[in-house]
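Letter by letter, the chains look like this.
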Amino acid sequence: MKRTTVWVTTAAALTGLAACTSSGPSDEPEDKRPASAPTALPALRTAERSTERAETARVRSTTVMGTQLSLTADGVLAWRDGLSGNLTIDYTGGTAAETMRGLGVTSMEARYLSDAYYARMGDTFAAKMGGKHWLRYAYDDLKTLGGGADLADQMRSTTPDQSVRLLLDSGDVRELGPETVDGQAATHYSGTVRVEDVTDTELRRRLQDADVTAETVDIWINEKNLLVKKVEKTSTTNGRVTQTAHYSDYGVKVAVQKPPDADTEDFKSLLSQSSTNPT
């Protein structure tokens, strides 16, 4: 495989966590959003505000992108001023994961900072990059990947309040009743976002750019009006993407440090080098 193809495939695997996350907050006023079950909306709007104000949480998730990639993630996220956080990501299957294994990577540490996403790849991978362990992906540089600008937006929209906002853009929100999630009482809500029915122009553009045809969102809200679980199932022209995430420890301390410059390789620079020497 040409070196350029390897790095692009690697980038797709590293950013796979964002593939089926919410597309960001709606820019439409609440009274212009699609009509939904009236009894569900007040509770969801309260949950949206409570989850947003919490600012941090612990997350563990599972993502499956058809036959391309499956992974698990565990760590903490903060959304007080943009996205930040630390996650440990394990690649569990799929063709992209096989490419990662060929590079000596089955697990990695991910750090989200305000300007970029950093991935620690391990010693075997570092040996292929002149000893550097970290790859830096500037959010703006992610626009060069297949997902376009939408992928960069998604990388900055992985927080739990975004899932509540996405469900509020559904035209058929339903309250499915009480359930127990991770040992606590919660209320289950569900809805489907269909691209052709989305009235928010920006949201519809993002979904279309990601080749999304429909997205089913299920969320569970606890008695403190906080999101404790979500399941997003996205139908795209390239197959089905499913992500399940559990959230806990709202308010947990999140401190993220930028990796040392001397131990960091920039993805854009690496891709440029690979293009000039593709073998």
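From a predicted model like this one, the values you see are computed outputs, not experimental measurements.

Calculation criteria
Every chain is numbered on its own, with residues counted from 1 as its sequence reads. Given that this is a predicted model, residues contribute local features only at a pLDDT of at least 70 and side-chain atom pairs are listed and counted only at 80 or more, while totals for whole chains, interfaces and linings are drawn from all residues. Excluding hydrogens and water, the side-chain figures rest on all heavy atoms present in the structure. We define a nonpolar core as any set of buried Ala, Val, Leu, Ile, Met, Phe, Trp, Tyr and Cys residues linked to one another through side-chain atoms lying within 4.5 Å. Think of it in three bands: residues with accessible area under 20% of the maximum for their type are buried, residues over 50% are exposed, and the middle band is partly exposed, with areas taken using a 1.4 Å probe on protein chains only. In this scheme Phe, Tyr and Trp rings, the latter by its six-membered ring, pair at centre separations within 6.5 Å, and the angle between planes marks the pair as stacked below 30 degrees, edge-to-face above 60, and tilted otherwise. Only runs of H or I of at least four residues qualify as helices and only runs of E of at least two qualify as strands under DSSP, and these elements are numbered from the N terminus. Between Lys or Arg on one side and Asp or Glu on the other, a salt bridge is scored when a side-chain nitrogen of the former is within 4 Å of a carboxyl oxygen of the latter. Within this analysis, the arc is defined by the directions that extend from the helix axis to the C-beta atoms. Working convention: axes come from line fits to C-alpha atoms, limited for helices to the stretch in contact. Angles between N-to-C directions cover 0 to 180 degrees. The cut-offs work like this: below 35 degrees is roughly parallel, past 145 is roughly antiparallel, 65 to 115 is roughly perpendicular, and the gaps in between are oblique. Here is the rule for handedness: rotate from the far helix to the near one, and if that takes an anticlockwise turn smaller than a right angle the crossing is left-handed, while a clockwise turn gives right-handed. Contact definition: two residues touch when any of their heavy atoms are within 4.5 Å. In this classification, the charged set is Asp, Glu, Lys and Arg, the nonpolar set is Ala, Val, Leu, Ile, Met, Phe, Trp, Tyr, Cys and Pro, and all remaining amino acids, among them Gly, are polar. Pairs of strands are assigned from DSSP output, requiring at least two bridges between the strands.

Concerning the nonpolar core
- L44, I89, Y91, Y117 and I219 are the most contacted members of the largest nonpolar core, which has 51 residues in total.
- A116, W134, V254 and V256 belong to the second largest nonpolar core, which has 9 residues in total.

Describing the packing of aromatic side chains
- Applying the stated criterion across every chain yields a total of 4 aromatic pairs.
- Between Y117 and Y137, the ring centres sit 6.1 Å apart and the planes meet at 50°, which makes this aromatic pair tilted. One end of the pair, Y117, is in strand β5 (residues 116-120); the other, Y137, is in strand β6 (residues 134-138), and 20 residues separate them in sequence. This pair shows no difference in class: Y117 is buried, exactly as Y137 is.

Let's talk about unusual backbone geometry
- Here E55, not a glycine, exhibits a phi torsion of approximately 70°, which is positive.
- The topology assignment puts E55 in the loop between α2 (40-54) and β1 (56-65).
- On the basis of relative accessible area, E55 is assigned to the partly exposed category, the value being 32%.
- Of note in the backbone geometry, N225 takes a positive phi value of approximately 65° without being a glycine.
- Along the chain, N225 falls in the loop between β9 (212-222) and β10 (227-236).
- Since its relative accessible area comes to 30%, N225 is described here as partly exposed.

Remarks on the pattern of salt bridges
- Evaluation of the coordinates by the stated rule reveals 13 salt bridges.
- Here R136 and D115 are joined by a salt bridge, their closest N and O atoms 3.1 Å apart. Here D115 lies in the loop between β4 (107-112) and β5 and R136 lies in strand β6, a separation of 21 residues in the sequence.
- When its relative accessible area of 38% is taken as the criterion, D115 is described as partly exposed.
- Across the pair R165 and D161 runs a salt bridge whose closest N-O atoms are separated by 3.5 Å. Taken together, the residues R165 and D161, both in helix α6 (residues 160-168) and 4 residues apart, mark about one turn of the helix.

Observations concerning the environment of A96
- Within the element layout of this structure, A96 appears in helix α3 (residues 95-102).
- For A96, a relative accessible area of 3% translates into the label buried.
- In this structure, the C-alpha to C-alpha distance between A96 and M65, residues 31 residues apart in sequence, is 10.0 Å.

Topic: α3
- Buried within α3 we find A96, A97, T99 and M100. Buried residues of α3, viewed axially, fall in a sector of 155°; they line one side. Exposed residues on α3 whose side chains face more than 90 degrees from its buried face are T95 and G102.
- Immediately beyond the C-terminal end of α3, within one or two residues, lies G104, with a positive phi of roughly 80°.

A closer look at the packing of α2 against α6
- Relative orientation of the contacting elements α2 and α6 amounts to 155°, with a least axis distance of 8 Å. Relative to α6, α2 is oriented roughly antiparallel. The hand of the α2/α6 crossing is left-handed. Only P160, D161, V164, R165, L167 and L168 of α6 make contact with α2, whose side of the interface consists of L41, L44, R45, A47, E48, T51 and E52.
- Looking at the contact of α2 with α6 residue by residue, the class counts come to 7 nonpolar, 1 polar and 5 charged.

Observations concerning the pairing of strand β8 (residues 184-194)
- In the sheet, strand β7 (residues 174-181) pairs with β8 via 7 bridges, with the strands oriented antiparallel. By the bridge assignment, V181 is partnered in β8 with Q184.

Quick look at the pairing of β5
- Taken across its 5 residues, β5 has 4 buried, putting it largely inside the fold.
- Alignment of β4 against β5, held across 4 bridges, turns out to be antiparallel. Each bridged residue has a counterpart across the sheet, and for Y112 the counterpart in β5 is Y117.
- Here β4 hands over to β5 after 3 residues, the two strands then running antiparallel side by side.
- As judged from the 5 bridges shared by β5 and β6, these two strands associate in the antiparallel manner. By the bridge assignment, R120 is partnered in β6 with W134.

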